[in-house]
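Residues per chain are reported as follows:
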Amino acid sequence: MSQAVITKAFSEWKAQQAVNNQPVTLDEFIFAYIPDLDVTKPIDNTEGIPAADKIVHRQAVSKSGVVNANSVVYSVTLGADVGDFSFNWIGLINKATSTLAMIIHAPTQSKIKNASGQQGNVLVRSMLMEYSGAESATNITTPAETWQIDFTARLAAMDERQRLENIDLYGTAAFFGAGYLVSKNGSQYFVTQGVGYVAGLRSVLAANQNITVSTKPVKVWLDVAWSGTLTSEWRVLSKITVAASLADYAENGVQHHVFALASIDASGNITDLRPKGTLDEQAASDALAKHEKSRNHPDATTSEKGFTQLSSETGSDSESKAATPKAVKAVNDDLQKVKKALGTAAGGDVVTSDKDTTQGRIPTVGWMGLGAVSGVSFTDANIPDFNCTFRMNAQGIHGPVAGAPSNIHQFQYDANAGQQIGFRAGVAEAAMYHRSKVNAVWGNWLQVFDTAHPPSPEQVGALPNSGSLLSSIFDIKTSNLHAALGRGSQDATTGMPENSGNTRFAVFATQIYSGQFWVTLISRDQNYTGLVNTSQKTVAWTQVYNTANKPSAGDVDAVSAKNGGTFQKEVLFQGGMRVRSETGIYSGGDAASFSDANMILKSWYGIAFATTLTGGEGITGYINTRSGRLEMKEQIIPGDYRNFDARYYTQTAANGRYVTAIRLGAIAEADNGNNDNAHASAPNGAVVVSVQQKTNWTAVKYRYQQYNINGTWYTAGVV
């Protein structure tokens, strides 16, 4: 069972195309063979295009059409000129961006092309993609039904035409020899194997078939039907039926045609009802039967049929007598003597042309170029499929030298294997070429080297006597020795290292893959190695250093002791960092005391704090390392004053412990109740703020004292 998936890469690319207001164009199919591919497992939508060595064929989309607003279909036709290869992976891509849109995993299929008499196959593969807005996104407007054709009606009409044409030849029914003859062996009735036609349908009975005859009289019928499905092979279905009567009928939409082969009477006697042969043979048989019953038989002549007298003479020239077997034997005996003298040539025909390959024919001068001034003429060196000597003019193809006349000798092992040896015609000391055919496919022509035609250094993997000066490092074609100019030269070789300077280099190139070379550049002071890809025009150089060309600190990721530099990350100094003399930063023990500490700043006298702010440069504070005194130009602000003396509190701590503000509360009033003998008194702890008296009435106004601690107001009470 095949699997299919629309990829994640396509979904993302399609969204980007929509953002860029660009159409979704899928224009190429990829066919690949993936070993051990499990086509029953679902496909990961992140799967990518197979490696190049797995891809067996790429072809542009043949047709695309819209099915509905959310569905489009893409098809490709692999013609009989494509092959041979097998595939189990199909992908649909956007060729410009190599975006893989859809993947199919399918059982392995073979694609074969026409070659050397072998009939190739034609495959059509389609992919239906369904996603929202597919029609508008792809700008496809052609309906798929305009090219996704249903051939059902046409095929059915062709079948019916063939059936009717067979009726014209054989009539309602026709049988040959003993085919479908009803017979019996003892009490067992059977139908004889053979061939017959009923209603134009050819039926074959592979073996004799026993039948059961329960009642008599009865007839034996042949029932045939033409059946199959849209994708299956169509064939004639036939069966034998024993019944008194039977007529044509239709069952499940399939038309059945019947014909009586024989009748069996009550006594079990069989009457053969089969018409014999074609309609013409049936008519001739009927005419002969009528003729046999008549006595109107005229004498035969050389121009008319009739009766004739027999004769055993072998030397007679009479035209009114017929030869007897005795006369024929006498002549045959003489012929046998001649045949024996001729051997196998006695039964052969002479070839009809210089290219006649009919088995058993007798050759003449010039056949296949034998004994002729020139060889057999062909226009394509791939055409001959037999042993021969032939020639081609300059317009011929697949010869040893393109665009030139040639003489070729062919040695054929069988239809699938052979060799050719060829020369360019019309030139002195012509080079010799040869090639082989394996599995019915001719290989490339190979030149035979000799003293007149020696190989080049590249052809034998050798270096030339002197290397050529390269204008581009990507001009390297084979393993070889060259020269090149550094980038600082006036006519610098393209692709040289960035800092190669005005220097001439020796170039040693070794081919490691097709289009890829390992290259070494050597000059007096410089040496480089690099992988050069001449197909993609890319190169990555590595400089080899020596005593004459040492690396800089930057080349080896170091900070120069002479020129200085910057450490980009943390640096660990195990023995400390000395500034000068005994001044520097050193590590100590795991302690914090006047005797030891983790980090120790050492100085002969003082350690200063200085600012680099423009306009304010200078020392703003210092530590006297001899006395331990720290002095700064401005105030030193501690985070906690208790760091200096436990008698001090911070503002926050003091606010939480001591009164920070005092006030009087709201005004209240007390009186004597208009009793001349009573006092008007304020509550204990209150502060009298005013007194008023009228006759016997006395009143006082008062306010309580309040204080604030840590932001909260409290009312003072009486102790």
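Residues numbered from 1 in each chain as written. Predicted model: local features only at pLDDT ≥ 70, side-chain atom pairs only at ≥ 80, totals over all residues. Heavy atoms only, no water.

Caption draft 1: How the structure looks around the pattern of salt bridges. For the structure shown, the criterion picks out twelve salt bridges. In this structure, the salt-bridge partner of Arg163 is Glu160, at a minimum N-O distance of 2.9 Å. On the criterion of helical spacing, the pair formed by Arg163 and Glu160 is a turn pair, its members being three residues apart in helix 3 (residues 152-170). Judged by its relative accessible area of 35%, Glu160 falls in the partly exposed class. In this structure, Arg629 and Glu631 form a salt bridge, with 3.1 Å as the shortest nitrogen-oxygen distance. (Salt bridge = Lys/Arg side-chain N within 4 Å of Asp/Glu carboxyl O. Helix = DSSP H or I, 4+ residues; strand = E, 2+ residues; numbered from the N terminus. Buried < 20%, exposed > 50% of the residue type's maximum accessible area, 1.4 Å probe, protein only.)

Caption draft 2: Quick peek at the nonpolar core. Counting 26 residues, the largest nonpolar core has Phe10, Leu26, Phe29, Tyr74, Leu92 and Met129 as its most contacted members. Going through the elements one at a time, helix 1 (8-19), strand 2 (28-32), strand 5 (71-78), strand 6 (85-94), strand 7 (99-111) and strand 8 (123-130) are the ones with two or more residues in this core. Residues in contact with Leu92, not counting those within four places in the same chain, are Leu26, Glu28, Phe29, Val61, Tyr74, Thr99, Leu100, Ala101, Met102, Met127 and Met129. Core analysis: the next-biggest nonpolar cluster, separate from the first, contains 21 residues, Val191, Ile211, Val218 and Ile240 among them. (Core = buried A, V, L, I, M, F, W, Y, C linked by side-chain atoms within 4.5 Å. Contact = heavy atoms within 4.5 Å.)

Caption draft 3: Just a nonpolar patch on the surface, in detail. A cluster of nonpolar side chains, contributed by Phe567, Val571, Phe573, Met577, Ile585, Met599 and Leu601, occupies part of the molecular surface with about 630 Å² of accessible area. As for its placement among the helices and strands, Met599 is situated in strand 37 (residues 597-602). Looking at Met599, the relative accessible area reads 55%, which means it is exposed. (Patch = residues over 30% accessible without salt bridge, like charges linked within 9 Å, V, L, I, M, F, W, Y side chains within 5 Å. Areas by Shrake-Rupley, 256 points an atom, 1.4 Å probe, with all protein chains shown as cover.)

Caption draft 4: Quick look at the sheet that holds strand 37. Spatially, 35-36-37 is the arrangement adopted by the three strands of the open sheet, whose pairing is antiparallel. Edge positions in the sheet fall to strand 35 (577-580) and strand 37, since each has one partner strand and no second. Between one strand axis and the next, the sheet turns through 30 degrees on average, direction left out of account. Note: strand 36 (residues 583-592) against strand 37, five bridges, orientation antiparallel. (Pairing = 2+ DSSP bridges. Axes fitted to C-alpha atoms, helices over the stretch in contact; angles between N-to-C directions.)

Caption draft 5: Fine view of unusual backbone geometry. That bond from Gly83 to Asp84 is cis: its omega, -10 degrees, falls within 30 degrees of zero. Counting through the fold element by element, Asp84 comes out in the loop between strand 5 and strand 6. Each neighbour pair has its own omega, and for Lys216 with Pro217 the value is -5 degrees, a cis peptide bond. Note that Pro217 resides in the loop between strand 14 (209-211) and strand 15 (218-227). With a phi close to 70 degrees, Ala440 is a non-glycine residue in the positive phi region. Relative to the elements of secondary structure, Ala440 occurs in the loop between strand 26 (432-438) and strand 27 (441-442).

Caption draft 6: Summary view of the confidence of the model for the chain. Of all residues in the chain, 90% have pLDDT values of 70 or greater, and the mean over the chain is 85. Of all helices and strands in the chain, the one with the weakest mean pLDDT is helix 4 (residues 279-293) (70), whereas strand 2 scores best (96). (pLDDT = per-residue confidence, 0-100.)

Caption draft 7: Here's a closer look at the environment of Ser681. With respect to the helices and strands, Ser681 occurs in the loop between strand 41 (659-671) and strand 42 (686-694). Sequence separation between Ser681 and Arg125 is 556 residues, and the spatial gap between their C-alpha atoms is 115 Å.

Caption draft 8: Local environment of the pairing of strand 15. Most of strand 15 is tucked away: seven of the ten residues are buried. As paired elements, strand 15 and strand 18 (residues 254-264) share eight bridges and run antiparallel to each other. Paired with Val220 across the bridge in strand 18 is Ala262. With nine bridges joining them, strand 15 and strand 16 (residues 235-243) adopt antiparallel strand pairing. Bridging across to strand 16, Ala225 finds its partner in Leu237.

Caption draft 9: Quick look at the pairing of strand 26. Here strand 26 shows one buried face, formed by Tyr433, Arg435 and Lys437, and one open face, formed by Met432, His434, Ser436 and Val438. Of the pairings in the sheet, the one linking strand 25 (residues 417-424) to strand 26 comprises six bridges and is antiparallel in character. By the bridge assignment, Gln419 is partnered in strand 26 with Ser436. Two elements, strand 26 and strand 28 (residues 446-448), share three bridges in a ladder whose sense is antiparallel. The residue bridging His434 from the neighbouring strand is Leu446, located in strand 28. In terms of strand pairing, strand 26 meets strand 27 through two bridges, oriented antiparallel. Note that in strand 27 the partner of Val438 across the bridge is Val441. Remark: two residues form the turn of the hairpin made by strand 26 and strand 27, two consecutive strands paired antiparallel; Asn439 in that turn has positive phi of roughly 55 degrees.

Caption draft 10: Summary view of the side chain of His257. Within the secondary structure, His257 is located in strand 18. Residues in contact with His257, not counting those within four places in the same chain, are Arg163, Val198, Ala199, Leu201, Leu222, Asp223, Val224 and Asp248.

Caption draft 11: Geometry of the sheet that holds strand 5. The strand order across the open sheet formed by three strands is 4-5-8, and the pairing between neighbours is antiparallel. Because the sheet does not close on itself, it has two edges, and the strands there are strand 4 (63-68) and strand 8. Here the strands of the sheet are splayed against their neighbours by 20 degrees on average, with no regard to which way each runs. Sheet topology note: the strand 5/strand 8 ladder contains eight bridges and is antiparallel. Bridge pairing links Val76 to Arg125 in strand 8.

Caption draft 12: Region of the structure containing helix 1. Given a rise of 1.5 Å per residue, twelve residues ought to cover 16 Å, and the 17 Å separating the end C-alpha atoms of helix 1 matches this to within 8%. When helix 1 is considered as a whole, its buried residues turn out to be Phe10, Trp13 and Gln17. Buried residues of helix 1, seen end-on, are gathered within an arc of 70 degrees and therefore sit on one face of the element. Residues of helix 1 that are exposed and point more than 90 degrees away from the buried face comprise Ala18 and Val19. Considering only its buried residues, helix 1 is in contact with strand 1 (3-6), strand 6, strand 7 and strand 8. Of the residues trailing helix 1, Asn21 is marked for its positive phi of about 55 degrees. (Expected span 1.5 Å × (residues − 1). Arc of directions from axis to C-beta.)

Caption draft 13: Main features of the packing of aromatic side chains. One pass over the full model with this rule turns up 15 aromatic pairs. Centroid distance Phe10 to Tyr131: 5.4 Å. Interplanar angle 65 degrees. Geometry classified as edge-to-face. Taken together, the positions of Phe10 in helix 1 and Tyr131 in the loop between strand 8 and helix 2 (134-138) put the pair 121 residues apart, joining distant regions of the chain. Classification of Tyr131 as buried rests on a relative accessible area of 11%. (Phe/Tyr/Trp six-rings, centres within 6.5 Å; stacked < 30°, edge-to-face > 60°.)

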